[in-house]
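A structural walkthrough
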Amino acid sequence: MKRYWLIMMTVAVLGGVLFTSCKEKDKPEPQEPTEETATDTRYDEHLSEGVFQPAYRIANLYHDDAIYQTWEWGTSKLASVEDAEEMCTYEFSYSGDQVSAITVTYEDGKVESLNFGYNGLLTRVEIAEGNMTKVVMGVSHNANDQITNVSLDYSDDYIIDMATSQLLGKSVMSHVLSRSAMNGIVEMSKMLNERNAKNGAKYTVTNKHFALVYTWNGDNLVREELSGNFSAMATINDVANIFNLGQLAAVASYFANDSYPMSYTVESRTDYTFDGKVNPTRYYWGKGIAPSNLSKNNVLTATTEGRVEMAVTVTLPDSLNSMVRMAILSLWDGNTQHTYTREKDLSNSETHTYKYNSNNYLTSDACNGTVTKYKYK
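Residues numbered from 1 in each chain as written. Predicted model: local features only at pLDDT ≥ 70, side-chain atom pairs only at ≥ 80, totals over all residues. Heavy atoms only, no water.

**Brief notes about the overall build of the protein chain**
Here is the rule we go by: A run of H or I in DSSP becomes a helix once it reaches four residues, and a run of E becomes a strand once it reaches two; helices and strands are each numbered from the N terminus. Any residue under 20% of the maximum accessible area for its type is buried, any over 50% is exposed, and the rest in between are partly exposed; the area is computed with a 1.4 Å probe on protein chains only. In this description, contact between two residues means that some pair of their heavy atoms is separated by no more than 4.5 Å. With residues, only the protein chains shown are counted as cover, and all accessible areas are computed by Shrake-Rupley using a 1.4 Å probe.
For the protein chain, the helix and strand inventory stands at seven helices and 19 strands. Evaluated residue by residue, the protein chain yields a buried proportion of 45% over its 377 residues. Within the protein chain, residue pairs in contact and separated by at least 24 positions form 56% of the contacts whose partners lie at least 6 positions apart. Accessible surface computed for the protein chain: about 19100 Å², of which carbon and sulfur atoms make up 49%.

Below, the structure written as structure tokens:
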């Protein structure tokens, strides 16, 4: 009897070993995701406002088959992004799992920072250079915890810096807003710069206010509306240099050296459509608070309509002699005031053509002649 039980136990043990061995052999080995495939599911996806822990981690981004961004990861969080095109490095700091700050260091030594405030959800973004806060963004949500309103307050220096240099190459501002919103604000600054560029005028910018309103359809942000305005004082010489005064130009010198409030406004609306695939940069704050990284899916089209306007109202001074006054009144249809305006059309559209891997992650994004390729860790 003992011999019988010994034989049975031996058979059971051997059977268990063989069964286990077959299971291990049949189980596929994890594969590292590549540019074409990404089948490694070791990482759990953990995404929310400020939390960027995607299932598949970007390792490199390419333009024309050349690496332009290299992403370095810690155990679960993004540590840094090196950008070869903009010649800067993004370093990420955290409070728990949420990104608390992004420090951007440029090759020439300039350092900017993005600082984020939360109350569970994102409430505030600040752009700073050194100890100086340049831009403050206030963020509001709807009942579904989706961002619906963003207010932007700029320092005087920042608006003027935008006017004189546009800050396109070396400012994190271009990564905080969507391309259409940034373009509207930049076009306003270009109008302000015309005055400075033509006659070296000095100015103070006042009444600065910008706002974004977002409309959602499910988990995708389908509409972005931008409105904004600021003011700067203008002399008659400023007006003559910027606007086509026609016959008034010949008598502009008779005006007193009064100043007039010149207003700058922007109004634009961008409508977005989406695919049904995974957005690999959702909640990646290095790309900004914009439809392209707040939405669950990838932007297929972005269509913008809007305009930037510059306007100034000139009043006839009482000191004009009667002949000059009569001449100007005839040009202004008998009115003692006349408003001069200029507009810039912001209409634009972009279309994305994507390639995906077997897990519905992007491997290639072709848009307006530029192809961006994705490689995952």
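**Thoughts on the side chain of Ser231**
Considering the arrangement of structural elements, one finds Ser231 in strand β13 (residues 220–235). Other than its neighbours up to four places away in sequence, Ser231 contacts Thr204, Val205, Thr206, Asn207 and Met262.

**A short note on the confidence of the model for the protein chain**
In plain terms, the rule: Confidence of the prediction at every residue is given by pLDDT, a number between 0 and 100.
Per-residue pLDDT for the protein chain has a mean of 82; in total, 80% of the residues score no lower than 70. The least confident element of the protein chain is helix α1 (residues 2–26), whose mean pLDDT is 40; the most confident is strand β5 (residues 78–83), at 97. Across residues 1–35 the pLDDT falls below 50, and counting only partners more than four positions away or on other chains, this stretch makes 17 contacts in the model.

**Some points on the environment of Leu316**
Among the structural elements, Leu316 can be located in the loop between β15 (299–315) and α7 (322–331). Here Leu316 falls in the buried class, since its relative accessible area comes to 5%.

**Details of the pairing of strand β4 (residues 66–73)**
Counted only if it meets this: Strand pairing is assigned whenever DSSP identifies at least 2 bridges connecting the two strands.
Pairing of strand β3 (residues 58–63) with β4 involves four bridges; the strand directions are antiparallel. Bridge pairing in β4 links Leu61 to Gln69. Summarising the sheet, β4 and β5 pair through five bridges and their orientation is antiparallel. Note that in β5 the partner of Trp73 across the bridge is Leu78. Here β4 folds back onto β5 in antiparallel fashion, the turn holding four residues.

**Points about the environment of Ser151**
One can find Ser151 in strand β11 (residues 147–154). Here Ser151 falls in the partly exposed class, since its relative accessible area comes to 29%. Sequence spacing of Ser151 and Ser227 is 76 residues, and the spatial spacing of their C-alpha atoms is 9.9 Å. Setting aside its immediate chain neighbours within four residues, Ser151 contacts Val136, Met137, Gly138 and Phe210.

**Considering the pattern of salt bridges**
Stated precisely, the cut-off is as follows: We define a salt bridge as a contact between a side-chain nitrogen of Lys or Arg and a carboxyl oxygen of Asp or Glu at a distance within 4 Å.
Enumeration over the complete set of coordinates arrives at nine salt bridges. We note a salt bridge from Arg269 to Glu305, for which the minimum N-O separation is 3.8 Å. With a gap of 36 residues between them, Arg269 in strand β14 (residues 259–274) and Glu305 in strand β15 connect regions that are remote in the sequence. A residue is classified by how much of its surface remains accessible, and Arg269, at 30% relative accessible area, is partly exposed. Overall, the relative accessible area of 48% leaves Glu305 in the partly exposed class. Here the salt bridges share partners, and the residues they tie into one network are Arg223, Arg269, Asp271 and Glu305.

**What to know about the side chain of Gln146**
The condition that has to hold: Each polar contact in these results corresponds to two N or O atoms within 3.5 Å; when the atoms are within protein, one needs to be able to donate a hydrogen and the other to accept it, and residues that are neighboring in sequence are counted only if both atoms are side-chain atoms.
Relative to the helices and strands, Gln146 resides in the loop between β10 (132–141) and β11. Accessibility expressed as a relative area gives 12% for Gln146, which makes it buried. In this structure the side chain of Gln146 is engaged in a polar contact, spanning 2.8 Å, whose partner is the backbone oxygen of Gly218. Residues contacting Gln146, with those up to four places away along its chain left out, are Ser140, His141, Trp216, Gly218 and Asp219.

**Here we look at α7**
For clarity, the threshold we go by: Each direction from the helix axis to a C-beta atom contributes to the arc, which is the arc of those directions.
The set of residues buried in α7 consists of Val324, Ile328 and Leu329. Axial view of α7: buried residues confined to an arc of 135°, hence all on one face. Away from its buried face by more than 90 degrees, α7 exposes Ser322, Met323, Met326 and Ser330.

**Description of the nonpolar core**
We apply this condition: Residues enter a nonpolar core if they are buried and are Ala, Val, Leu, Ile, Met, Phe, Trp, Tyr or Cys, with the set joined through side-chain atoms within 4.5 Å.
Counting residues in each nonpolar core, the largest one holds 88 residues, and the members touching the most others are Tyr154 and Leu177. Tallying contributions element by element places helix α4 (residues 179–199) first for this core, with seven residues. In this structure Leu177 touches Met137, Leu152, Tyr154, Met182, Ile185, Leu212 and Ala290, once residues within four positions along its chain are discounted.

**Quick look at the pairing of β10**
For a regular strand, side chains alternate in direction, first toward one face of the sheet and then toward the other. Here strand β9 (residues 121–129) pairs with β10 via six bridges, running antiparallel. Within β10, the position partnered with Arg124 by the bridge is Gly138. Between β9 and β10, which pair antiparallel in sequence order, lie two residues; one of them, Gly130, sits at a positive phi of approximately 65°. Relative to β11, β10 is paired through seven bridges, and the arrangement is antiparallel. Counted as the bridge partner of Val135 is Tyr154 from β11. What sits between β10 and β11 in their antiparallel hairpin is a turn of five residues, with Asp145 showing a positive phi close to 65°.

**Quick notes on the packing of aromatic side chains**
Selection criterion: In summary, the pairing rule links any two rings of Phe, Tyr or Trp, Trp by its six-membered ring, whose centres are within 6.5 Å, and it sorts them by plane angle into stacked for under 30 degrees, edge-to-face for over 60 and tilted for everything else. A ring is considered to have a charge above it if a Lys NZ or an Arg CZ atom is located within 6 Å of its centre and within 35 degrees of its normal.
The final tally for this structure, using the stated rule, is 15 aromatic pairs. Plain terms: the ring middles of Phe116 and Trp285 are 6.3 Å apart, the flat faces sit at 25° to each other, and that makes the pair stacked. Taken together, the residues span a long stretch of sequence, with Phe116 in strand β8 (residues 111–119) and Trp285 in the loop between β14 and α6 (291–294) at a distance of 169 residues. Neither Phe116 nor Trp285 differs from the other in exposure class; each is buried. A connected cluster of aromatic rings, assembled from ring pairs, spans Phe52, Trp71, Trp73, Phe92 and Tyr284. Above the plane of the ring of Tyr106 lies Lys110, whose end atom (NZ or CZ) is 5.8 Å from the centre. Positioned above the aromatic ring of Tyr356 is the side chain of Lys277, whose terminal nitrogen or guanidinium carbon lies 5.3 Å from the ring centre.

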